[in-house]
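Each chain, written out:
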Amino acid sequence: MKTLLAPALLLLAFAATAFASKKRPVIGLSLDTLKEERWQRDRDTFIEEAKKLGATVIVQSANSDDTRQVRDVESLISRNVDVLVIVPHNGAAMTRAVKSANDAKVPVVAYDRLILNANIDYYLTFDNVKVGEAQGGYAAARLPAGRTARIVRIYGAPTDNNAKLFKQGQDNILLPLIKAGKIEVVHEDWALDWKPENAKKIMNAAITKSGRNIDAVVVSNDGTAGGAIQALQEDGLAGKVLVTGQDADLAACQRILRGTQAMTVYKPLKNLAALAARVAVDVAKGKKPATSATLDNGAKQVPSIFEKVISVDKENLHSTVVADGFHRAADLK
Ligand code: BGC
């Protein structure tokens, strides 16, 4: 039985790759992780749109492991995909995988996160600096006047280029206020791998170090905001301290309505994911999709597209996230 099965499987694999003609392209989608809600949505929309365009998608997820993601990409290349779409766990570590793709003449689209110092063909993302400005701006506008406000800053994964851009956006707003003595940063740190438990530890450390007297926690995404809020809850501070986020995760939107998180940044994922599928199919067919910008990734000026983001709080949650079909009103309760 075993001996019959093996050649049959081989034949199937051969048939799958043989059908990878440009008319029905095969796309390799390599994800860092599927743990956060957003990436599951990105994947689902991407596959749906690719299907409509007659393409097939092979998905790999690396569980935040660089070695595994390099292996994932190499395995996709060996399965003869026509194009690769990559969300890197680590924008620097994926340079090597892109080199393998270049050698195999497989075009590469970086999705959401940039791959550094690599010959990638396209980069599709949101305006990440604007995300940081929305977070910093929201907090700054609501800090107490007449005294120096005390804030904690929790950044994202230091291996993610986006995390630096979110910080840069926050800095654009906060640094002048810090310099003017209006804000004091009582504690700051980077949450490794964007893990909520790491953000919780940072928040615990902040409270231990500087006491309960904290006005705001500028956090870079909803997952880590959840971790910080857990720490605040343990000290009876949840709802009393302004907390920012990003992604409009369901749990974060519920927290916003309950008052333990002040805001999130909504990124219309269906626009970006569907666009990425169209770009991938075009690239596989040898077409040149239109882009609106270029970005230097250290190796070249990468043709790029930046989608807009929306700042969301209790006031506009329904007119944005719900109206756009991202969450159903009934699920927010
Ligand atoms: C994405 C965010 C996400 C974070 C953690 C960032 O690169 O832009 O939307 O929350 O990674 O996965």
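Residues numbered from 1 in each chain as written. Predicted model: local features only at pLDDT ≥ 70, side-chain atom pairs only at ≥ 80, totals over all residues. Heavy atoms only, no water.

Draft legend 1. Focus on the overall build of the protein. What the protein contains, in helices and strands, is 11 helices and 13 strands. Each principal axis of the C-alpha distribution contributes one length, and for the protein these read about 75 × 45 × 35 Å. For the protein, buried positions account for 52% of its 333 residues. Pairs at least 24 apart in sequence give 72% of the contacts found in the protein among residues at least 6 apart. With an accessible surface of roughly 14,800 Å², the protein has 55% of that area assigned to carbon and sulfur atoms. Of the charged side chains in the protein, 45 are positive and 37 negative; the average position of the first set lies 2 Å away from that of the second. (Helix = DSSP H or I, 4+ residues; strand = E, 2+ residues; numbered from the N terminus. Buried < 20%, exposed > 50% of the residue type's maximum accessible area, 1.4 Å probe, protein only. Contact = heavy atoms within 4.5 Å. Areas by Shrake-Rupley, 256 points an atom, 1.4 Å probe, with all protein chains shown as cover. Lys, Arg positive; Asp, Glu negative; His and termini not counted. Charge placed at Lys NZ, Arg CZ, Asp CG, Glu CD.)

Draft legend 2. Main features of the sheet that holds strand β6 (residues 149–155). A sheet is described by the order of its strands in space; here four strands give the open sequence β7-β6-β8-β9, paired in parallel fashion. For this open sheet the edge positions go to β7 (183–190) and β9 (242–243), each flanked by a neighbour on one side alone. The pairing of β6 with β7 spans seven bridges and is parallel. Within the sheet, the bridge partner assigned to Arg-150 lies in β7 and is Glu-184. Sheet contacts for helix α8 (residues 222–234): β6, β8 (216–219) and β9; angle to β8, the most-contacted strand, approximately 155°. (Pairing = 2+ DSSP bridges. Axes fitted to C-alpha atoms, helices over the stretch in contact; angles between N-to-C directions.)

Draft legend 3. Broad picture of the packing of helix α7 (residues 196–210) against α8. Remark: α7 packs on α8, axes separated minimally by 7 Å, with the N-to-C direction vectors making an angle of 40°. The angle between α7 and α8 places the two elements in the oblique class. You can see that α7 and α8 cross each other, and the crossing is right-handed. From α7, Pro-196, Ala-199, Lys-200, Met-203, Asn-204 and Ile-207 reach across to α8, where they touch Gly-223, Thr-224, Gly-227, Ala-228, Gln-230, Ala-231, Leu-232 and Glu-234. The class makeup of the residues in the contact of α7 with α8 is seven nonpolar, five polar and two charged. (Parallel < 35°, antiparallel > 145°, perpendicular 65-115°, else oblique. Left-handed = near helix turned anticlockwise from the far one by under 90°. Nonpolar A, V, L, I, M, F, W, Y, C, P; charged D, E, K, R; others polar.)

Draft legend 4. Molecular detail of the domain arrangement of the protein. Domains assigned within the protein are domain 1 (11–120 + 269–307) and domain 2 (128–267 + 311–332). In this structure, domain 1 and domain 2 have C-alpha centres spaced 30 Å apart. Between domain 1 and domain 2, the residue contacts involve 14 residues of the former and 17 residues of the latter. A buried area of about 1,400 Å², summed over both sides, lies between domain 1 and domain 2, and 38% of it is on carbon and sulfur atoms. There are two salt bridges connecting domain 1 and domain 2. Linking Arg-113 and Asp-160 is a salt bridge whose minimum nitrogen-to-oxygen distance equals 3.0 Å. (Domains from an automatic or database assignment. Buried area = accessible area lost by both parts, 1.4 Å probe. Salt bridge = Lys/Arg side-chain N within 4 Å of Asp/Glu carboxyl O.)

Draft legend 5. Layout of the site of the ligand. Residues in contact with the ligand amount to 13 residues; listed here are only the nearest, Glu-36, Asp-112, Arg-113, Asp-160 and Asp-247. Side-chain polar atom of Trp-39 to an oxygen atom of the ligand: 3.0 Å apart, as the coordinates give it. At a separation of 3.0 Å, an oxygen atom of the ligand approaches a polar side-chain atom of Asn-162. Its free accessible area being 310 Å², the ligand has 100% of it covered by the protein chains. Contributions of two or more residues to the shell around the ligand are made by α2 (37–52) and α6 (161–179). Within the shell around the ligand, the residues separate by chemical class into three nonpolar, three polar and seven charged. Here the shell around the ligand spans two domains, since at least three of its residues come from each of domain 1 (11–120 + 269–307) and domain 2 (128–267 + 311–332). (Near = heavy atom within 4 Å. Polar contact = N/O pair within 3.5 Å; in protein donor to acceptor, adjacent residues only side chain to side chain.)

Draft legend 6. Just unusual backbone geometry, in detail. Of note, the phi angle at Lys-105 is positive, near 60°, even though the residue is not glycine. Within the secondary structure, Lys-105 sits in the loop between α4 (95–103) and β4 (108–111). Positive phi outside glycine occurs at Asn-117, with the angle close to 50°. When you line up the elements, Asn-117 lands in the loop between β4 and β5 (122–126). Taking the relative accessible area as the measure of exposure, Asn-117 reaches 49% and is therefore partly exposed.

Draft legend 7. Broad picture of helix α9 (residues 250–258). Along α9, the residues that are buried comprise Ala-252, Cys-253, Gln-254, Arg-255 and Ile-256. Packed against the buried residues of α9 are α8, β10 (263–266), β13 (310–313) and α11 (317–322). Positive phi appears at Gly-259, one or two residues downstream of α9, with a value of about 95°.

Draft legend 8. Representation of the nonpolar core. Core analysis: the biggest nonpolar cluster contains 37 residues, and Ile-27, Phe-46, Val-85, Tyr-111, Leu-124 and Val-321 have the highest contact counts within it. Those elements giving two or more residues to this core turn out to be β1 (26–31), α2, β3 (83–86), β4, β5, α10 (269–284) and α11. Considering each element in turn, this core owes the most residues, 11 residues, to α10. With near-sequence residues (within four places) excluded, Val-85 lies in contact with Ile-27, Gly-28, Leu-29, Ser-30, Phe-46, Val-109, Tyr-111 and Ala-280. Ranked by size, the runner-up nonpolar core spans 22 residues in total, among them Ile-58, Val-98, Ala-118 and Ile-120. (Core = buried A, V, L, I, M, F, W, Y, C linked by side-chain atoms within 4.5 Å.)

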